[in-house]
Amino acid sequence: MEARHSALCAEEAEDVVKELRAELAKAGIVLPPLGLDPVSLAREAPCPLVELGRCSVETARRLAAVLR
């Protein structure tokens, strides 16, 4: 049961990353390091974290504007 839950968590996380990447692209924003955190996937029962990474000041400004 736990393995199935972990697989579903990883699949859901991958889907969310794809969705977030697509929505950011619509706003003209690219976060190159956007993806799944490999350390969180390496756990015995993975429940992945989404890695947003670092970005330029301009990208951060654009993200803030979109969120307003």
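Look up a bit, the structure's there.
Residues numbered from 1 in each chain as written. Predicted model: local features only at pLDDT ≥ 70, side-chain atom pairs only at ≥ 80, totals over all residues. Heavy atoms only, no water.

Some details on the environment of Ala65
Reasoning step 1: Tracing the sequence through the fold places Ala65 in helix α3 (residues 57–67).
Reasoning step 2: A C-alpha to C-alpha distance of 30 Å links Ala65 and Glu11, two positions 54 residues apart in sequence. (Helix = DSSP H or I, 4+ residues; strand = E, 2+ residues; numbered from the N terminus.)

Topic: the side chain of Thr59
Reasoning step 1: Relative to the assigned elements, Thr59 resides in helix α3.
Reasoning step 2: Within the local environment of Thr59, its side chain forms a polar contact with the side chain of Ser56, the two groups lying 3.0 Å apart.
Reasoning step 3: Ignoring sequence-local partners within four residues, the contact set of Thr59 consists of Ile29, Val30 and Leu31. (Polar contact = N/O pair within 3.5 Å; in protein donor to acceptor, adjacent residues only side chain to side chain. Contact = heavy atoms within 4.5 Å.)

Regarding the side chain of Ser40
Reasoning step 1: Structurally, Ser40 can be placed in helix α2 (residues 38–41).
Reasoning step 2: Reaching out from Ser40, the side chain makes a polar contact with the backbone oxygen of Asp37 at a distance of 2.8 Å.
Reasoning step 3: Excluding residues that lie within four positions of it along the chain, Ser40 makes contacts with Pro46, Cys47, Pro48 and Leu49.

Re a nonpolar patch on the surface
Reasoning step 1: Together, Val16, Leu20, Val50 and Leu52 make up a nonpolar patch on the protein surface, roughly 280 Å² of accessible area in all.
Reasoning step 2: Position of Leu52 among the secondary structure elements: in the loop between β2 (50–51) and α3. (Patch = residues over 30% accessible without salt bridge, like charges linked within 9 Å, V, L, I, M, F, W, Y side chains within 5 Å. Areas by Shrake-Rupley, 256 points an atom, 1.4 Å probe, with all protein chains shown as cover. Salt bridge = Lys/Arg side-chain N within 4 Å of Asp/Glu carboxyl O.)

Observations concerning the pattern of salt bridges
Reasoning step 1: All chains considered together, the criterion is met by two salt bridges.
Reasoning step 2: The salt bridge partner of Lys26 is Glu23, with a shortest N-O separation of 3.2 Å. Taken together, the residues span about one helical turn, with Lys26 and Glu23 both in helix α1 (residues 2–26) at a distance of three residues.
Reasoning step 3: On the basis of relative accessible area, Lys26 is assigned to the exposed category, the value being 66%.
Reasoning step 4: Between Arg61 and Glu58 there is a salt bridge; the shortest N-O distance is 3.3 Å. One end of the pair is Arg61 and the other is Glu58, both in helix α3 and three residues apart, which spans about a single turn. (Buried < 20%, exposed > 50% of the residue type's maximum accessible area, 1.4 Å probe, protein only.)

A few points about a negative patch on the surface
Reasoning step 1: A grouping of Glu11, Glu12, Glu14, Asp15 and Glu19 is seen on the molecular surface, where their side chains present a negatively charged patch.
Reasoning step 2: For Glu12, the position within the fold is in helix α1. (Lys, Arg positive; Asp, Glu negative; His and termini not counted. Charge placed at Lys NZ, Arg CZ, Asp CG, Glu CD.)

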